[in-house]
Amino acid sequence: MPSLDILPQLVINGLIAGSIYALAASGFSLVHYVVKFMNFAQGAVITISAYMFYLFFSMLRMNFFISGVLAILASIAIMMLMNILGYRQLRERKSTKVVIMISSLALLIFFSSLILAIFGSSTKTISLRNFNKTFDFGFFTITLLQAIIIFSSILLFLLLLFMLKKTRLGKSMRALADNKEVSQIIGINPEKIYNYTFIIAGILGSVAGILIGLEQNLYPRMGVPIIVKGFISSVVGGINSVPGAIVGGLFIGLVENLGILFLPSGYKDVISFSVLLLFLLFRPSGILGVKMRDT
């Protein structure tokens, strides 16, 4: 078992991983909360964003921030196409949630294969020399990029929660999520709110993809394990609670890394799935979720 001296470093590593999981989980949970289905194609948005940033920044040598904005816009466009050409058509045909969820899995596989066909199977790396600076605080070390990942994630979470609680759009989302029929009576257009929901989820997924691409290598199916961890985080935090998804992502990141004190690092996936199983058995509503009525 590793020494407890590395505990602070494991906590920092857990916060870094948890920030990524929480970004993936928050977009996943937001769609589930408002639109009422599990959108696993959120993982495709993560992959597309990372590769678009690689295309603009590393291949076309564009400015860092311009590359980021273009990658986010491309991801939003893809997410809107998924909704308008795919999910909306299924909703109009009164398809079940299971059918729509299966379609999201198909979209995840389709876009992963498309990235594979365009960029090839070899891993890609985004080189950022200016972000490799390391800060040594004695008990732990952290790179500038890792610090940016944590702080940018926190900023996005705060903006997301503010939007849901304080803005007219957020109130409309919550009203639609609580009761679609009543919200329509008071003048809320569900399809318009769904569009905004997918745009916000696209932004969260695209930022997650860019941060993952900066921190790790890129490969065509990189979005699959991330959205799986996002799903686990959503369930653990409370799948009908966006704040719960954020808490769940940070929780899973910390538990995976602290588990290294007792298990080899290769068992991280075992740890996260074991946590999922325990929550499904003993607290299926999650950390911040509420028990849903059977319909």
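Relevant structure appears above.
Let me begin by describing the structure that accompanies this report. Every chain begins its residue count from 1, and numbering advances along the sequence as written. Restriction of local features to residues with pLDDT of at least 70 applies here, the model being predicted, together with a cutoff of 80 or more for giving and counting side-chain atom pairs; totals for whole chains, interfaces and linings are based on all residues. To get the side-chain values, all heavy atoms of the structure are used, and hydrogens and water are removed first.

So, the packing of helix α9 (residues 223–237) against helix α10 (residues 242–258)
Here is step 1: Viewed as axis vectors pointing N to C, α9 and α10 meet at an angle of 115°, and their least axial separation amounts to 7 Å. Regarding the angle of α9 to α10, the classification is roughly perpendicular. Of the two elements, α9 crosses α10, and the hand of that crossing is right-handed. Counting all contacts with α9, which are made through Lys229, Ile232, Ser233, Ser234, Val236 and Gly237, the residues of α10 involved are Gly244, Ala245, Gly248, Gly249, Phe251, Ile252 and Glu256.
Here is step 2: Residues are grouped as follows: Ala, Val, Leu, Ile, Met, Phe, Trp, Tyr, Cys and Pro are nonpolar; Asp, Glu, Lys and Arg are charged; all remaining types, including Gly, are polar. When the residues that make up the contact of α9 with α10 are grouped by side-chain class, the tally is five nonpolar, six polar and two charged. Note on definitions: angles span 0 to 180 degrees between N-to-C directions of axes, and those axes are lines fitted to C-alpha atoms, for helices only across the stretch in contact. Runs of H or I in DSSP of at least four residues are treated as helices and runs of E of at least two as strands, each being numbered from the N terminus. Here the angle decides the label: under 35 degrees means roughly parallel, over 145 means roughly antiparallel, 65 to 115 means roughly perpendicular, and every other value means oblique. Crossing chirality is assigned from the near helix's rotation relative to the far helix, an anticlockwise turn below a right angle marking it left-handed and a clockwise turn marking it right-handed. Any two residues having at least one pair of non-hydrogen atoms within 4.5 Å are treated as being in contact.

Topic: a nonpolar patch on the surface
Here is step 1: A cluster of nonpolar side chains, Ile66, Val69, Leu70 and Leu73, forms an exposed patch at the surface whose accessible area comes to about 330 Å².
Here is step 2: For Leu70, the position within the fold is in helix α3 (residues 64–92).
Here is step 3: Given a relative accessible area of 30%, Leu70 falls into the partly exposed group. Residues enter patches when their relative accessible area tops 30% and they take part in no salt bridge; the joining distance is 9 Å for like charges and 5 Å for the nonpolar side chains Val, Leu, Ile, Met, Phe, Trp and Tyr. Reported accessibility uses the Shrake-Rupley method at a 1.4 Å probe radius. Residues are deemed covered only where the shown protein chains occlude them. Salt bridges, as used here, are contacts in which a Lys or Arg side-chain nitrogen is within 4 Å of a carboxyl oxygen on Asp or Glu. Remark: exposure states derive from per-residue accessible area (1.4 Å probe, protein chains only) relative to the maximum for the residue type, with buried under 20%, exposed over 50%, and partly exposed in between.

Digging into the nonpolar core
Here is step 1: Residue types Ala, Val, Leu, Ile, Met, Phe, Trp, Tyr and Cys, when buried and joined through side-chain atoms within 4.5 Å, form a set referred to as a nonpolar core. Among the nonpolar cores identified, the biggest contains 78 residues, and Val34 and Met82 are the most heavily contacted of them.
Here is step 2: Discounting chain neighbours no more than four positions away, the residues touching Met82 are Ala41, Ala44, Val45, Tyr87, Leu107 and Phe111.

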